[in-house]
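# Residue-level structure breakdown
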Amino acid sequence: MRTHDWIERNYRRMQARSFSQLLRGVSLRVWPLSSVVRDHYRVRMAPTTWNAINRRARSNLEGCAAPLDTPQRTTLEGLRRDGVHKTTIGDFLGVAVDLARLRADADALLQRPALREQIASRRSREGVKWYVVRAFGYRPRIPVPASFADLLLSDRVLAVANAYLGVTSRLKYLDVWHNFSVAESDPPIDSELWHRDNEDRNLVKLFIHLSDVDETSGPLTYVRGSQPGGPHGELFPSNPPSGSYPPKRELEERIPDDGLASCTGDAGTMVWFDACGLHRGGRATRKARTLLVATYASDAALDLLKYRLADPHQYEILSPAARYAIRAPEA
Ligand SMILES: O=C(O)CCC(=O)C(=O)O
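An account of the accompanying structure is given in this report. (Residues numbered from 1 in each chain as written. Predicted model: local features only at pLDDT ≥ 70, side-chain atom pairs only at ≥ 80, totals over all residues. Heavy atoms only, no water.)

### Overview of the overall build of the chain
Operational definition: Numbering of helices and strands runs from the N terminus, with a helix taken as a DSSP run of H or I at least four residues long and a strand as a DSSP run of E at least two residues long. Here the radius of gyration uses the C-alpha set of atoms, whereas the globule reference equals 2.2 Å times the residue count to the power 0.38. Relative accessibility thresholds used throughout: buried, under 20% of the residue-type maximum; exposed, over 50%; partly exposed, between the two (1.4 Å probe, protein chains only). Note that accessible areas follow from Shrake-Rupley with a 1.4 Å probe, and for residues the cover is restricted to the protein chains shown. By the counting rule applied here, Lys and Arg register as positive and Asp and Glu as negative, while His and the ends of each chain are not counted. The location of each charge is read from NZ of Lys, CZ of Arg, CG of Asp or CD of Glu.
Within the chain one finds 13 helices and nine strands. For a compact globule of 331 residues, the expected C-alpha radius of gyration is about 20 Å, and the chain comes in at 19 Å, within 12% of that figure. Dimensions of the chain, computed from C-alpha atoms along their principal axes, come out at roughly 55 × 45 × 40 Å. Burial statistics for the chain: of 331 residues in total, 51% are counted as buried. Working note: accessible area of the chain is about 15,700 Å², and carbon and sulfur atoms make up 55% of it. Measuring between centres, the 47 positive side-chain charges of the chain sit 5 Å from its 39 negative side-chain charges.

In structure tokens:
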């Protein structure tokens, strides 16, 4: 890598991090502090500590877990068996969904002048992934449109995330990503490479396609069964608080092509996956990809971001699970 690229990448990485993430990153580079820090996170993610941190979220779940219907059960079973499940928002919700409204709200956010300029110049200003323009970003200040909240905080969606995680979960992250296409010669970086996320024992990620995604738009690709506890759950494991970035050839030698799920699909496709399993994506080579992205995690997760709803009255009609997920004022 050229020195200039190295400096730019690290500068972008630093810019996107909070103070606690920076501190954690530095401490992991200084021995023997690094081994103390690793021990701390290993203990935090060990079942006994994790359960203790999540005591309230676990007992909440016992109080509010309702029976799941067929689309929810199928999704949960897919997540548990493969770590990934693909459906559509219509099939999952069982009602016609106003995809046009979701797309219009996402477009309105991406059309703000600063983001329009980044899309036009094909370079995002935030984060290592220079090819992803984000509507909310790492320091979310804009409120969440009602169309996003209605879907991402719906009891149907939360019931599956919560059942998989075993807690009433928090909405850890939310954004609209617009990935524009990169050139063959641009080296793959970051989540274009195989990796495991690391911020919790399990992480439920939801990708809602707002554009048609084919093999040229960088679909999410997942190693089936690589979620923690799955048959490939121990393959290139994470080392808390770091994830894992296994070498491509070694991983692909171990996993045949039919062990990979490539999550292509038209606008309206809904991809559920446990991001602690092995996955990669986002390398659009011809067609841009626009996604609504959400991550659900437990109270033990690192780096929970906080979001604000556009209309304060919306908090009043949220269910207890949704209030907990969005960290409504008293949740
Ligand atoms: O952009 C993608 O498809 C992959 C993103 C990813 O690795 C992640 O969200 O953890």
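And the narrative resumes.
### Some words on the pairing of strand 9 (residues 289-297)
The condition is simple: Here the rule is simple: two strands pair whenever DSSP picks up at least two bridges between them.
Judged by how many residues are buried, strand 9 sits mostly within the fold: nine of nine residues are covered. Residues Arg 289, Leu 291, Val 293, Thr 295 and Ala 297 point to one face of strand 9 and Thr 290, Leu 292, Ala 294 and Tyr 296 to the other, with burial holding for every one of them. One ladder, built from nine bridges, connects strand 3 (residues 170-179) with strand 9; its direction is antiparallel. Counted as the bridge partner of Trp 177 is Leu 291 from strand 9. Sheet topology places strand 4 (residues 204-209) next to strand 9; six bridges connect them, and they run antiparallel. Within strand 9, the position partnered with Lys 205 by the bridge is Thr 295.

### Regarding the pairing of strand 3
Most of strand 3 sits out of view: 10 of its 10 residues are buried. The pairing of strand 2 (residues 132-134) with strand 3 spans three bridges and is classified as antiparallel. Its bridge partner lying in strand 3, Arg 134 is registered against Trp 177.

### Considerations on the side chain of Asn 162
Rules: Throughout, a contact is declared for two residues whenever any of their heavy atoms are within 4.5 Å.
Its location among the elements puts Asn 162 in helix 11 (residues 155-165). The residues touching Asn 162, leaving out its near neighbours within four places in the chain, are Leu 61, Val 167, Thr 168, Ser 169 and Ala 321.

### A short note on the sheet that holds strand 6 (residues 260-262)
Taken in spatial order, the three strands make up an open sheet running 6-5-8, and their pairing is antiparallel. The strands lining the two open edges of the sheet, one partner per strand, are strand 6 and strand 8 (279-280). Both strand 5 (residues 221-223) and strand 8 contribute to a ladder of two bridges, which runs antiparallel. Directly across from Thr 221, in strand 8, lies its bridge partner Arg 280.

### Focus: the environment of Gly 94
Tracing the backbone shows Gly 94 in the loop between helix 7 (89-93) and helix 8 (99-110). Exposure remark for Gly 94: the relative accessible area of 60% places this residue in the exposed category. C-alpha of Gly 94 to C-alpha of Pro 71: the two residues are 23 residues apart in sequence and 8.0 Å apart in space.

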